[in-house]
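So you can see what is in the structure, the chains are spelled out below.
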Amino acid sequence: MIQIWDNYLKGHVVVFVTSLSSLLAAGCSSLTLESANFSWPIENELKVDAGGMIQEDRYRISFNVKPLLYEETNDSVNVSGRLIDIIRDVQGYYYLTGPQFKNVYVFRQAEGCLVLENKIAVSEDGLLSPGFNQRTLFIELVDGRDKPIMLTKDGGKKENTK
Amino acid sequence: MRYLASALSVICGVTFAFVSMGTAQVKLDYSIVESFESKCNDISESIKKAATVQECGAVSADIDRLEKDFAPDTVLLNDALYPDKYDKWISELRFELHLSQDKMGIIETQGSHIGDLAEQVRILSGRVDSIAIDDKRLMSSINVMSAALAKVTSTLDSLTNTVGRLQPKGSTRQSRKPK
């Protein structure tokens, strides 16, 4: 009787282990869709609302920028009406900055949020009226008559002399 | 001395050119797209406001200029404009202008008809005025003649009465006859 029960149990264990292996194998096999291009052709200048939200209409993206404004200005209260410049590069990273910002923030998309990838210092006195241009291998930061700066997600920063 | 002056001016010119190049403002792609959209909207407004064929012609020239000015940025505009592409924007403007010109043609044709009709009305009004004057004159003549007729009738009646009174009665005459 014990032998029968033991065999029955072993059979179930074998089935369980086989199923689990199949599931793990399926989960681990990576299906990759390549040559993806997430780039936005032009930047967008978005106004922060009273709740600290910005909304981009063409790509239907919205998020709260209060933590970003606090990080940059130490003020997360007077946020209404502030302008945020945003663009997405080919790899899908978001670049954010704004007037009076000293940094450009690079974010990557995660589940229900944007996670800071890099913070790039670009101006000691703060930008005046910044804007981004989409370029093939980098994002170009333009601010008035200052020379444009080429940015990458890793923080690469180089004056564009072209 | 003259050579020195010209050499100096050339050096100054070259230096200025370099400085200008160095400080030249890099255009934002966003502002190019915004400027294109804004100019298209202005032209669209001009099409709506155009009231003559000449004004439509001016707008057509504006569209040509717009196309020429933004020709170097067509790739950017095709990528950036959404949902319609650059070519669609331009063709939409031309289509709007075409419709406006058609309307203008109809209005001008009708305007010409209205002008002809107005001229006819003016001529007929003149005739009506002239007829009214004639009518007045005729009425006046009729009144004068009626008055004259009344007078004549009255005179005739009076004369008839007088004649009647003066005419000897038949019997009275016979009695006066000498025997």
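Starting from 1, residues in each chain are numbered consecutively following that chain's sequence as written. Starting at A for chains and at 1 for ligands, labels are handed out in the order in which the entities are written. Per-residue local features of the predicted model are confined to residues with pLDDT of at least 70, and side-chain atom pairs are confined, for both listing and counting, to 80 or more; whole-chain, interface and lining totals are unaffected and use all residues.

**Side note on the overall build of chain A**
To be explicit about the condition: Each helix is a run of H or I in the DSSP string that is no shorter than four residues. Each strand is a run of E no shorter than two, and both are numbered from the N terminus. With C-beta atoms placed from the backbone, a residue counts as buried when 20 or more other C-beta atoms lie within 10 Å of its own, as exposed when 12 or fewer do, and as partly exposed for counts between those limits. Residues are treated as contacting if the C-beta atoms built from their backbones sit within 7 Å of each other.
Looking only at helices and strands, chain A features two helices and 11 strands. Secondary structure elements of chain A occur, N-terminal to C-terminal, as α-β-β-β-α-β-β-β-β-β-β-β-β. Burial status across chain A gives 30% buried among its 162 residues. Partitioning the intrachain contacts of chain A with sequence separation of at least 6 by distance along the chain shows that 42% fall at a separation of at least 24.

**Regarding the overall build of chain B**
Within chain B, the secondary structure is distributed over six helices and zero strands. Each helix and strand of chain B, placed in order from N terminus to C terminus, yields the pattern α-α-α-α-α-α. For chain B, the residues scored as buried account for 11% of the 179 residues in total. Intrachain contacts of chain B at a sequence separation of at least 6 include 67% that bridge at least 24 residues.

**Observations regarding the nonpolar core**
We apply this condition: Here, a nonpolar core means buried Ala, Val, Leu, Ile, Met, Phe, Trp, Tyr and Cys residues linked by C-beta atoms lying within 7 Å of one another.
With 46 residues, the main nonpolar core has Tyr95(A) and Leu96(A) as its most contacted residues. Other than its neighbours up to four places away in sequence, Leu96(A) contacts Leu68(A), Ile84(A), Asp85(A), Ile86(A), Tyr105(A) and Phe107(A).

**Points about the interface of chain A and chain B**
Heads up, the rule is: Residue classes follow a fixed rule: Ala, Val, Leu, Ile, Met, Phe, Trp, Tyr, Cys and Pro count as nonpolar, while Asp, Glu, Lys and Arg count as charged, and any other residue, Gly among them, counts as polar.
Taken together, the contact between chain A and chain B spans 11 residues of the former and 11 residues of the latter. Examining the composition of the side of chain A that touches chain B, we find that three residues originate from one element, strand S8 (residues 130-134) of chain A, more than from any other. Class assignment of the residues belonging to the side of chain A that touches chain B gives a composition of four nonpolar, four polar and three charged.

**Describing the sheet that holds strand S7 (residues 113-121) of chain A**
All names here are of chain A. Here is the rule: Note: two strands are recorded as paired if DSSP finds a minimum of 2 bridges between them. In this description, a line fitted to the C-alpha atoms serves as the axis of each element, helices being fitted only across the stretch in contact, and the angle between N-to-C directions of two axes falls anywhere from 0 to 180 degrees.
Taken together, the five strands give an open sheet; going across it, the order is S1-S4-S5-S6-S7, and neighbouring strands pair in antiparallel fashion. The open sheet has two free edges, formed respectively by strand S1 (44-47) and S7, since each of these has just one partner strand. Neighbour-to-neighbour, the strand axes of this sheet turn through a mean angle of 30°, independent of strand direction. The pairing of strand S4 (residues 83-88) with strand S5 (residues 94-97) spans four bridges and is antiparallel.

**A look at the packing of helix H2 (residues 29-49) of chain B against helix H5 (residues 86-166) of chain B**
Residue and element names in this part refer to chain B. For the record, the criterion: For classification purposes, an angle smaller than 35 degrees is called roughly parallel, one larger than 145 roughly antiparallel, one from 65 to 115 roughly perpendicular, and anything else oblique.
Look at H2 against H5: their axes get within 10 Å of each other, and the N-to-C directions meet at 10°. Comparing the axis directions of H2 and H5 gives the class roughly parallel. Of H5, the residues touching H2 (which contributes Cys 40, Ile 43, Ser 44 and Ile 47) are Trp 89, Leu 93, Glu 96, Leu 97 and Ser 100. When grouped by side-chain class, the residues that make up the contact of H2 with H5 number six nonpolar, two polar and one charged.

**With respect to the pairing of S4(A)**
Residue and element names in this part refer to chain A. S4 sits mainly inside the fold: five of its six residues count as buried. Where S1 and S4 come together, four bridges link them in antiparallel fashion. Across the sheet, residue Lys 47 finds its bridge partner in S4, namely Leu 83. Linkage of S4 to S5, two consecutive antiparallel strands, is achieved through a turn of five residues, within which Gly 92 is found at a positive phi near 100°.

**Section: the confidence of the model for chain B**
All names here are of chain B. To keep things clear, this is the line we draw: Scored between 0 and 100, pLDDT is the confidence that the predictor attaches to each residue.
Put simply, chain B has an average pLDDT of 83, and 80% of its residues get 70 or more. Across chain B, the element-wise mean pLDDT spans from 50 in helix H1 (residues 2-23) up to 95 in H2. Between residues 12-23, whose pLDDT stays under 50, and residues either more than four places distant or in other chains, the model counts one contact. Interface confidence for the predicted complex, expressed as ipTM, amounts to 0.71; the pTM equals 0.65.

**With respect to unusual backbone geometry**
The residue after Tyr82(B), namely Pro83(B), is reached through a cis peptide bond having omega 0°. Considering the arrangement of structural elements, one finds Pro83(B) in the loop between helix H4 (74-80) and H5. Even without glycine at this site, Arg60(A) takes up a positive phi of about 55°. As for its placement among the helices and strands, Arg60(A) is situated in the loop between strand S2 (53-56) and strand S3 (61-64). Even without a glycine there, the phi angle at Gln100(A) is positive, about 75°. As for its position among the elements, Gln100(A) is in the loop between S5 and strand S6 (103-110).

**Let's talk about the packing of H2(B) against helix H3 (residues 53-69) of chain B**
Residues and elements named next belong to chain B. Operational definition: Left-handed describes a crossing in which the near helix is turned anticlockwise from the far one by less than a right angle; the clockwise case is right-handed.
Two elements in contact, H2 and H3, have axes separated by 10 Å at closest approach and are oriented at 165°. Taken together, the axes of H2 and H3 lie roughly antiparallel to each other. Classified by chirality, the crossing of H3 by H2 is left-handed. From H2, Lys 39, Ile 43, Ser 46 and Ile 47 reach across to H3, where they touch Val 59, Asp 62, Ile 63 and Leu 66. Of the residues belonging to the contact of H2 with H3, the class tally is five nonpolar, one polar and two charged.

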